[in-house]
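Below, each chain spelled out in residue letters.
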Amino acid sequence: MYSIVTLADMNIGGLQFLFAVAGLLSVLASVSFTLFFSARCRTTVSSLASSLVFCIAPVVISMTAPGALVTWLCSILPASGTSIQASVLYAITDFQFLNLAGLSVWMPYAMIGACMIEIPLFAFLAVRSYCRHALN
């Protein structure tokens, strides 16, 4: 899978470490997102169904609808780093950039950055939603 024609100036060990960190961040973002949905929904079935939809969404979206907006959406969803065809593994061997108003961001950086923002954001929102739910 790894080619000499890539933007990442790393050896195989460095890439494996990056994949492990990106996968961990993506799983933590997905868990905090699921906790947020669990605190917001009234039943366990609705929280499970909505969380499952958002975890599978990057795979389905990347396979069905090409385009710049879809690429952005697949990059910022919580499960984007661990999906099947739109993961950090495939993004790091590709030359795909995300463009927004004159700013170009390499796709793996966008995925990792989105996960780093989503973890504390959804954890805070989950705690806040649970506290509101517990008070009522």
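Caption draft 1: Quick peek at the overall build of the protein chain. Broken down by element type, the protein chain carries five helices and two strands. Listing the helices and strands of the protein chain from first to last along the sequence gives α-α-α-α-β-β-α. For the protein chain, the residues scored as buried account for 38% of the 136 residues in total. When contacts within the protein chain are restricted to residue pairs at least 6 apart in sequence, those whose partners lie at least 24 apart make up 61%. Just so you have it, the protein chain exposes about 8,400 Å², and 72% of that area is on carbon and sulfur atoms.

Caption draft 2: Expanded view of the UniProt feature "transmembrane region" (unreviewed entry) in the protein chain. UniProt tags residues 17-39, 51-73 and 106-127 as "transmembrane region" (unreviewed entry). With 87% helix and 0% strand, the stretch residues 51-73 has end C-alpha atoms that lie 16 Å from each other. The distance from the first to the last C-alpha atom of residues 106-127 is 32 Å, and the span holds 95% helix and 5% strand.

Caption draft 3: Focus on the pairing of strand S1 (residues 97-100). The sheet contact formed by S1 and strand S2 (residues 103-106) spans four bridges and is antiparallel. Note that in S2 the partner of Phe-97 across the bridge is Trp-106.

Caption draft 4: Focus on the nonpolar core. With 16 residues, the main nonpolar core has Phe-19, Val-88, Ile-92, Met-107, Met-111 and Ile-112 as its most contacted residues. For this core, the secondary-structure elements that each account for two or more residues are helix H1 (12-40), helix H4 (88-92) and helix H5 (107-135). Top contributing element to this core by residue count: H1, with six residues. Core analysis: the next-biggest nonpolar cluster, separate from the first, contains six residues, Phe-33, Phe-36, Phe-37 and Phe-122 among them.

Caption draft 5: Highlighting the packing of helix H3 (residues 68-76) against H5. Where H3 contacts H5, the axes come no closer than 8 Å and their chain directions differ by 45°. Between H3 and H5, the crossing angle belongs to the class labelled oblique. Between H3 and H5, the residues in contact are Thr-71, Ser-75 and Ile-76 and Met-107, Ala-110, Met-111, Ala-114 and Glu-118, respectively. Looking at the contact of H3 with H5 residue by residue, the classes come out as five nonpolar, two polar and one charged.

Caption draft 6: The arrangement of the packing of aromatic side chains in detail. Per the counting criterion, the structure on display carries seven aromatic pairs. Aromatic pair Trp-106 and Tyr-109: ring centres 5.3 Å apart, planes at 90°, arrangement edge-to-face. What makes Trp-106 buried here is its relative accessible area of 7%. Taking the relative accessible area as the measure of exposure, Tyr-109 reaches 57% and is therefore exposed. Feature note: the residues Phe-33, Phe-36, Phe-37, Phe-54 and Phe-122 constitute an aromatic cluster, connected by ring pairs.

What counts and what doesn't
- Residues numbered from 1 in each chain as written.
- Predicted model: local features only at pLDDT ≥ 70, side-chain atom pairs only at ≥ 80, totals over all residues.
- Heavy atoms only, no water.
- Helix = DSSP H or I, 4+ residues; strand = E, 2+ residues; numbered from the N terminus.
- Buried < 20%, exposed > 50% of the residue type's maximum accessible area, 1.4 Å probe, protein only.
- Contact = heavy atoms within 4.5 Å.
- Areas by Shrake-Rupley, 256 points an atom, 1.4 Å probe, with all protein chains shown as cover.
- UniProt positions renumbered as here; feature names shortened; annotations may be inferred.
- Pairing = 2+ DSSP bridges.
- Core = buried A, V, L, I, M, F, W, Y, C linked by side-chain atoms within 4.5 Å.
- Axes fitted to C-alpha atoms, helices over the stretch in contact; angles between N-to-C directions.
- Parallel < 35°, antiparallel > 145°, perpendicular 65-115°, else oblique.
- Nonpolar A, V, L, I, M, F, W, Y, C, P; charged D, E, K, R; others polar.
- Phe/Tyr/Trp six-rings, centres within 6.5 Å; stacked < 30°, edge-to-face > 60°.

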